[in-house]
Amino acid sequence: MRSLISAGVGAFCLAAPALAETPAAIVEDVQGKVDGIAFMDYVAPGKIIKLGPKASITLSYLKSCQRETISEGVVLVGAEQSTVQLGEVKREKVPCDTNAAKLSEREANQSAATTFRTMRSDVKGAPPAKLPTLYGVAPLIQAKSGSTLVIERTDGKEPTISVPLKSEIMVGGKFYDFAKAGKTLTPGGSYLAVLGAKRYAFQVDASATSSPTPIVGRLLRLE
């Protein structure tokens, strides 16, 4: 029986496509023995993850907004969801905006410029620009440690948040977690994140709450 299982897993691994550099998902939780994978790691399509006995992993997919909790077995990371052998997977669709999870510097700067143009043209009846949207009031922001993060509200009055991103406060060395820092933004608010000369415009969904939110729904990648 064991030889049949090993053969099946071997074939599964051989069928895996070559690794892609663009991340497909982020690791939201790890329980038990999972070699080579840690909390807040990005994983690319084609990645093979082997889960030991009683081990589990939670993946949040950046493109499909699928959140998977996988127990035991062997996981093949896909572009929008995983393929699992010899294990169990529970999937749920969670609120997320792929534009926030995959925001590039060029897109971000264009987004910021569009926001200011739209604000100035309100009298002409121009429709508001659709900004990348977060579904939690406590963003998880990917940024380089050593810089200073400034968050300014652009559609109302609110104290500016300025945070020196020291390595000791960064989760996994590259994320600043508003939830861990006890900071929140306002549901329905529009904001500008400033990192040096870079500008990133985004908004918080009007229905966002302070309840625990899946990572992919509050992730803003600024690098």
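Everything that follows concerns the structure shown earlier in this document.
The rules behind these values
Residues numbered from 1 in each chain as written. Predicted model: local features only at pLDDT ≥ 70, side-chain atom pairs only at ≥ 80, totals over all residues. Heavy atoms only, no water. Helix = DSSP H or I, 4+ residues; strand = E, 2+ residues; numbered from the N terminus. Buried < 20%, exposed > 50% of the residue type's maximum accessible area, 1.4 Å probe, protein only. Contact = heavy atoms within 4.5 Å. Areas by Shrake-Rupley, 256 points an atom, 1.4 Å probe, with all protein chains shown as cover. Pairing = 2+ DSSP bridges. Disulfide = S-S within 2.5 Å. Salt bridge = Lys/Arg side-chain N within 4 Å of Asp/Glu carboxyl O.

Draft legend 1. Highlighting the overall build of the chain. When its secondary structure is counted, the chain shows five helices and 14 strands. Here the chain holds 223 residues, and 45% of them are scored as buried. Counting contacts in the chain only where the partners sit at least 6 residues apart, residues at least 24 apart contribute 59% of the total. Counting only carbon and sulfur atoms, one obtains 52% of the accessible surface of the chain, whose full area is about 11,600 Å².

Draft legend 2. Structural detail: the pairing of strand β9 (residues 148–153). Examined bridge by bridge, β9 and strand β10 (residues 161–164) share four bridges and lie antiparallel to one another. Each bridged residue has a counterpart across the sheet, and for leucine 149 the counterpart in β10 is valine 163.

Draft legend 3. The sheet that holds strand β12 (residues 190–195), seen in detail. The sheet built from five strands is open, its strands ordered β7-β13-β12-β9-β10 with mixed pairing. In the strand order of this sheet, the two ends are held by β7 (133–134) and β10, each with one partner.

Draft legend 4. Looking closely at the state of the cysteines. Inspection of every chain in the model, using the stated rule, returns one disulfide. Between the sulfur atoms of cysteine 65 and its disulfide partner cysteine 96 the distance amounts to 1.8 Å. Judged by the torsion about the S-S bond (-80°), the cysteine 65/cysteine 96 disulfide is left-handed. Here cysteine 96 lies in the loop between β6 (88–93) and α2 (98–101) and cysteine 65 lies in the loop between β3 (48–61) and β4 (66–76), a separation of 31 residues in the sequence. The pair cysteine 65 / cysteine 96 is uniform in exposure class, with both members buried.

Draft legend 5. Highlighting the pattern of salt bridges. Tallied over the entire structure, the rule returns eight salt bridges. Among the ionic pairs, glutamate 80 bridges to lysine 63, the shortest N-O distance being 3.7 Å. Residue glutamate 80 is found in the loop between β4 and β5 (83–85), and its partner lysine 63 is found in the loop between β3 and β4; the two are separated by 17 residues along the sequence. Classification of lysine 63 as partly exposed rests on a relative accessible area of 46%. Ionic pairing is found between arginine 218 and aspartate 177, a salt bridge with its closest N-O pair at 2.8 Å. Here aspartate 177 lies in strand β11 (residues 175–177) and arginine 218 lies in helix α5 (residues 215–218), a separation of 41 residues in the sequence. Given the relative accessible area of 11%, arginine 218 is considered buried. One network of salt bridges, in which partners are shared, links Glu28, Arg67 and Glu92.

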